[in-house]
Amino acid sequence: MTTESQQSPTTARTSNTSNFRGPDVPSPEDMYKCVHCGFCLQVCPTYLETGLEAESPRGRIALMKAVEEGRAEISESIVGHWDMCLQCRACEVVCPSGVPYGRLMEATRANVERVFKRGFKARRARSMGFKGVLPNPKRLDRIGGLLRFYQKSGLQTIARKTGAIRLAPGGSLEKYLPELGDKFFVASGQIIRPAGKVRARVALLGGCVMRLTHGATLEAVTRVLARNGVEVYVPEAQGCCGALNAHAGERDTAREMARRNIDAFLEVETDAIIVASAGCGSTMKEYHELLANDPEYVEKAAVVAELTKDIHEFLADLTFEPPRGSLATEGKDLKVTYQDSCHLGQAQRITAPPRELLNAIPGIEFVEMEESMVCCGSAGTYSLIEQGMSLRLGRRKAERIVASGADVVATANPGCVIQMEQALARAGEGAQVRYVIDLLDESYRRGDEDGDGADTS
Ligand code: SF4
Ligand code: SF4
């Protein structure tokens, strides 16, 4: 049994006056790499929106140093600036000193949750979400089922029209509820076999939110993989990867979730673990850091981290079958742009493969949009907790999508899909949000239907 008092690699301490206390403290070595050059400021979404130093990477690191050196306590105001960070890691990509900002902020948040006492409502919501629901797939499914009934039965329409929803607990958040899929994706140990020769055998992560909101996309992932000669196994014992917990500072539960998935995914030998949600892939590739001081799991965590592949990365490496079905309509190409999900483009540094897939699809005119690497404001649970900044960034993103003239914005993460759909709807704009994999799957399907891949309009 592993104890949570075991220290992470971010616990090396240089100062005995530090106000970071207990396990999971940010590493001074990491924070003192920052030389205050300011190169990161112009890529930081919260700095771009506010122009405030305290809402920049450099400002947040300065606050960490102040706490580390005992010049400041972990106060409400300091926590507010750290909470405002989206953990998009845009700063990490441009930093010439190699500040591992994602690791720093994750450890900082974990320490905040140990040392700082949040208000009653926040504590209750965090306990329910991070400890009660996310680690428990069956409970998540039950809640998802109830919410789907609420949406599809007409109750949602009545509750919104009458204003009754405002009286319900958490009613103010109801407007952010994403549309749940008609069918949830269930991990039941199923195996999806390709028709022909098997080129690779993989395991697939279903995840938590994506299974409920975009189960059809996970089905598309299995079809695309099988089409490319890949046998897909979906382990039943898997659960949520722990990304939302890790990003919110709930590292103990994140570790429990990681251990569960490590056991589930190492149960059979596979060539890769495929992840279709950028945030989950990024966390699973860092499981060995999360469990660095767990002697029972650290090596297994490193194996899982090594095996984990983002679906776009995997297909590009495999050399995918060229799609033949055109997505043009009435002779007109579908204009598609791409939003780099932060945890794909920045945390995993995967930017070319999704574009390669999109450019391979006939009947697509691919256009880049401005600021495709700037966070859309989703950032896991951020859109629920930091609603003001999330709305501002959503609006900013919708403006960039519209300016690109695209009919479709493609992306690679459920939170980004939901955030951009809601932002475009609020802006009254009709551009669609699609997963890259759904577009690829549609092209394969149309190619099969048409035989020659001609325009189906
Ligand atoms: S770019 Fe790096 S070194 Fe420069 S201020 Fe930002 S975090 Fe510090
Ligand atoms: S992670 Fe993103 S929001 Fe946070 S400081 Fe870095 S660039 Fe800014």
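Residues numbered from 1 in each chain as written. Chains lettered and ligands numbered in written order. Predicted model: local features only at pLDDT ≥ 70, side-chain atom pairs only at ≥ 80, totals over all residues.

Remarks on the overall build of the protein
Secondary structure summary: the protein contains 23 helices and 9 strands in total. Against the globule reference of 23 Å for 457 residues, the protein gives a C-alpha radius of gyration of 22 Å, in line with a compact fold. When its C-alpha atoms are laid out on the principal axes, the protein stretches across 70 × 50 × 45 Å. The 457 residues of the protein split such that 47% are buried. A separation of at least 24 residues holds for 77% of the contacts in the protein among residues at least 6 apart in sequence. (Helix = DSSP H or I, 4+ residues; strand = E, 2+ residues; numbered from the N terminus. Rg over C-alpha atoms; globule rule 2.2 N^0.38 Å. Buried ≥ 20, exposed ≤ 12 C-beta atoms within 10 Å, placed from the backbone. Contact = placed C-beta atoms within 7 Å.)

Comments concerning the domain arrangement of the protein
By the assigned domains, the protein splits into domain 1 (9-115), domain 2 (120-319) and domain 3 (334-450). Just the C-alpha atoms count here: the centres of domain 1 and domain 2 sit 28 Å apart. Partitioning the side of domain 1 that touches domain 2 into residue classes produces 3 nonpolar, 1 polar and 5 charged. (Domains from an automatic or database assignment. Nonpolar A, V, L, I, M, F, W, Y, C, P; charged D, E, K, R; others polar.)

What about the sheet that holds strand 8 (residues 408-411)?
In spatial order, the strands read 7-6-8-9; together these 4 strands make up an open sheet with parallel pairing. Here the strands that pair on one side only, and so sit at the sheet edges, are strand 7 (364-366) and strand 9 (432-435). Within the sheet, the average angular offset between the axes of one strand and its neighbour, ignoring direction, is 35 degrees. Sheet topology places strand 6 (residues 334-338) next to strand 8; 3 bridges connect them, and they run parallel. Pairing of Val336 across the sheet is with Val408, part of strand 8. With respect to the sheet, helix 19 (residues 352-360) is in contact with strand 6, strand 7 and strand 8, its orientation differing from that of strand 6 by roughly 175 degrees. (Pairing = 2+ DSSP bridges. Axes fitted to C-alpha atoms, helices over the stretch in contact; angles between N-to-C directions.)

Let's talk about the packing of helix 19 against helix 23 (residues 436-450)
Taken N-terminus to C-terminus, the directions of helix 19 and helix 23 make an angle of 30 degrees; their axes are 10 Å apart at the nearest point. In terms of axis orientation, helix 19 runs roughly parallel to helix 23. Between helix 19 and helix 23 lies a crossing whose hand is left-handed. Where helix 19 approaches helix 23, its residues Pro354, Leu357 and Leu358 are matched on the opposing element by Val436, Leu439 and Leu440. (Parallel < 35°, antiparallel > 145°, perpendicular 65-115°, else oblique. Left-handed = near helix turned anticlockwise from the far one by under 90°.)

Regarding unusual backbone geometry
For Asp24, which is not glycine, the phi dihedral falls at a positive 60 degrees. The phi dihedral of Arg89 is positive, around 70 degrees, even though this residue is not glycine. As for its position among the elements, Arg89 is in the loop between helix 4 (76-83) and helix 5 (90-94). For Arg89, a count of 25 C-beta atoms within 10 Å gives the class buried.

Section: the sheet that holds strand 4 (residues 272-275)
Within a sheet, each strand pairs with its neighbour through backbone hydrogen bonds, oriented either parallel or antiparallel. Taken together, 5 strands build an open sheet; the order of strands is 1-3-2-4-5 and the sheet is mixed. Each end of this open sheet is capped by a strand with a single partner; those strands are strand 1 (191-192) and strand 5 (308-310). Inspection of the sheet shows strand 4 paired to strand 5 by 3 bridges, in the parallel sense. Across the sheet, residue Val275 finds its bridge partner in strand 5, namely Asp310. Helix 17 (residues 311-318) rests against strand 2 (200-204), strand 4 and strand 5 of the sheet, and its axis sits at about 90 degrees to strand 5.

Thoughts on the site of ligand 1
If you check the shell around ligand 1, you find 14 residues, and the closest are Cys34, Cys37, Cys40, Arg58 and Cys95. Among the elements that line the shell around ligand 1, the one with the most residues is helix 3 (residues 57-68), at 3 residues. (Near = placed C-beta within 6 Å.)

What to know about the site of ligand 2
In the vicinity of ligand 2, 14 residues are found, and the nearest of them are Cys44, Pro57, Cys85, Cys88 and Cys91. Of all the secondary-structure elements, those providing two or more residues to the shell around ligand 2 are helix 2 (45-50), helix 3 and helix 5. Taken together, the residues of the shell around ligand 2 sort by class into 10 nonpolar, 2 polar and 2 charged.

Examining the nonpolar core
Formed by 121 residues in total, the largest nonpolar core has its most connected members in Ile273 and Ile274. The residues contacting Ile274, other than those within four sequence positions of it, are Val202, Leu204, Leu225, Lys309, Ile311 and Phe314. (Core = buried A, V, L, I, M, F, W, Y, C linked by C-beta atoms within 7 Å.)

Considerations on helix 19
Within the sequence span of helix 19, burial applies to Pro353, Pro354, Leu357 and Leu358. For helix 19, the angular spread of buried residues about the axis comes to 135 degrees, placing them on one side. Turned more than 90 degrees off the buried face of helix 19, the exposed positions are Ala352 and Asn359. Where helix 19 is buried, its residues meet helix 17, strand 6, strand 7, strand 8 and helix 23. (Arc of directions from axis to C-beta.)

Description of the packing of helix 17 against helix 19
It is the contact of helix 17 with helix 19, at a shortest axis distance of 8 Å, that shows an interaxial angle of 65 degrees. If you check the angle between helix 17 and helix 19, you find them roughly perpendicular. As for the relative orientation of helix 17 and helix 19, their crossing is left-handed in sense. Residue-level contacts link His312, Glu313, Leu315 and Ala316 of helix 17 to Pro353, Pro354, Glu356 and Leu357 of helix 19. Looking at the contact of helix 17 with helix 19 residue by residue, the classes come out as 5 nonpolar, 1 polar and 2 charged.

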